Amino acid sequence: MKVKLLRYTADAERLCGTAALTTIKSGHPSEIFEGIDPDNAKRIIRKVTGYGHGSVIEHASFTFSIEDASRAMTHQLVRHRIASYTQQSQRYVAYDTLADYVTPPSITADPEAKKVFSSTLKNISETYQALLKMGVPKEDARFILPNAAKTNIIVTMNARELRHFFKVRCCARAQWEMRQAATEMLKQAKKATPALFENAGPSCVELGFCSEGKMKPAECSVTETRKTFQNL
Ligand SMILES: Cc1cc2nc3c(=O)[nH]c(=O)nc-3n(C[C@H](O)[C@H](O)[C@H](O)COP(=O)(O)OP(=O)(O)OC[C@H]3O[C@@H](n4cnc5c(N)ncnc54)[C@H](O)[C@@H]3O)c2cc1C
């Protein structure tokens, strides 16, 4: 799977800083925007989002390309409603080879599981191809495809929704592929606009405590997770 930040709002920090200052200044937002110093923008974003006023960072949007991910992962991704999505269509794009499927690491690591998984995928792939050859349309032949089927998707979220998304999907409780995608998205978004994603990450990083309660995986260390995300 590959994740790439394609585009994000130009001058995102100055823009969100302007939004924050608009609430307390008598001047016009356009003048505030022209005059705002980048460091002042960062400072005001930190202050206002620290109060929990997340709406000011909704003015910055980020568009990612997520490539060669499984349908299992994108099905979870699209549950996030404050976002826009465009996904490769199984009605138009056929699955030609076994390279068109994702194998989870737990299966790759177990020779017996890998054997069963690969032979089932081979059967599915051959049956899918046979259905296409019989004249069955792609939109119907796809009914036999597994969650492992690879896909490409473009997602756009604003910074507030991204922070929420990172809180639940960078967490150790999230599914591995979803977590990998979310963590890479956070890394790239934070590099682009650090002030918008300061302390972003799972709840132990963002809120300072694990919100998962009894569901927290035994192997998850809050100290280690904090270190990882703060250095991302
Ligand atoms: C570890 C994990 C396990 C999961 N397991 C399951 C599962 O077994 N089954 C399942 O069905 N789902 C499961 N989910 C998906 C989960 O229930 C949510 O659908 C998904 O994470 C989207 O999150 P959200 O609803 O908080 O936020 P988003 O859709 O990203 O929305 C962001 C925020 O906007 C607000 N919002 C959005 N829409 C509304 C609305 N209509 N009304 C009021 N407020 C709104 C809420 O505050 C929400 O938190 C799981 C998620 C995780 C992280």
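Just above, that's the structure.
Parameters and conventions
Residues numbered from 1 in each chain as written. Predicted model: local features only at pLDDT ≥ 70, side-chain atom pairs only at ≥ 80, totals over all residues. Core = buried A, V, L, I, M, F, W, Y, C linked by C-beta atoms within 7 Å. Buried ≥ 20, exposed ≤ 12 C-beta atoms within 10 Å, placed from the backbone. Helix = DSSP H or I, 4+ residues; strand = E, 2+ residues; numbered from the N terminus. Contact = placed C-beta atoms within 7 Å. Pairing = 2+ DSSP bridges. Near = placed C-beta within 6 Å. Nonpolar A, V, L, I, M, F, W, Y, C, P; charged D, E, K, R; others polar. Expected span 1.5 Å × (residues − 1). Arc of directions from axis to C-beta.

S.K.: When you look at the nonpolar core in this model, what are you seeing that I'm missing?
M.R.: Generally speaking, soluble globular proteins have nonpolar side chains that are buried together. If you look at the biggest cluster of nonpolar residues, it comprises 40 residues, and the most contacted ones within it are Cys16, Ala20, Ile45, Ala182, Leu186 and Leu196. Elements with a minimum of two residues in this core: helix H1 (12-22), helix H3 (38-50), strand S2 (61-70), helix H4 (71-77), strand S4 (150-158), helix H8 (159-169), helix H9 (176-192) and helix H10 (203-206). Sequence-distant contacts of Cys16, that is, excluding residues within four places in its chain, are made with Ile45, Val56, Ile57, His59, Ala60 and Leu196. Listed in part, the five residues of the second largest apolar core include Tyr95, Tyr128, Ala141 and Ala149.

S.K.: It is not clear to me how the pairing of strand S1 (residues 2-8) should be interpreted in this structure. Could you clarify?
M.R.: Looking along a regular strand, one sees side chains alternate from face to face of the sheet. A small share of S1 lies buried, amounting to zero of its seven residues. With six bridges connecting them, S1 and S2 associate as antiparallel partners. Note on S2: the bridge partner recorded for Lys4 is Ser65.

S.K.: When you look at the site of the ligand in this model, what are you seeing that I'm missing?
M.R.: The full set of residues close to the ligand is Arg79, His80, Arg81, Ile82, Glu161, His164, Phe165, Val168, Arg169, Arg173 and Ala174. Across the shell around the ligand, the residue classes break down as four nonpolar, two polar and five charged.

S.K.: Would you mind showing me how to read H3 here?
M.R.: An α-helical segment advances 3.6 residues per turn. Residues three or four places apart therefore align on the same side. A rise of 1.5 Å per residue sets the reference length of H3, with its 13 residues, at 18 Å; its end C-alpha atoms lie 18 Å apart and thus fit the reference within 8%. Considered for burial, the residues of H3 that qualify are Ala41, Ile44, Ile45, Val48 and Thr49. All buried residues of H3 fall inside an arc of 120° around its axis, so they share one side. The exposed set on the far side of H3, more than 90 degrees from its buried face, consists of Asp39, Lys47 and Gly50. Two residues or fewer past H3, Gly52 is found with a positive phi of approximately 95°.

S.K.: I keep staring at the environment of Ser211 and nothing clicks. Help me out?
M.R.: As for its position among the elements, Ser211 is in the loop between H10 and helix H11 (222-230). Spatially, the C-alpha atom of Ser211 lies 10.0 Å from that of Cys171, the residues being 40 residues apart in sequence.

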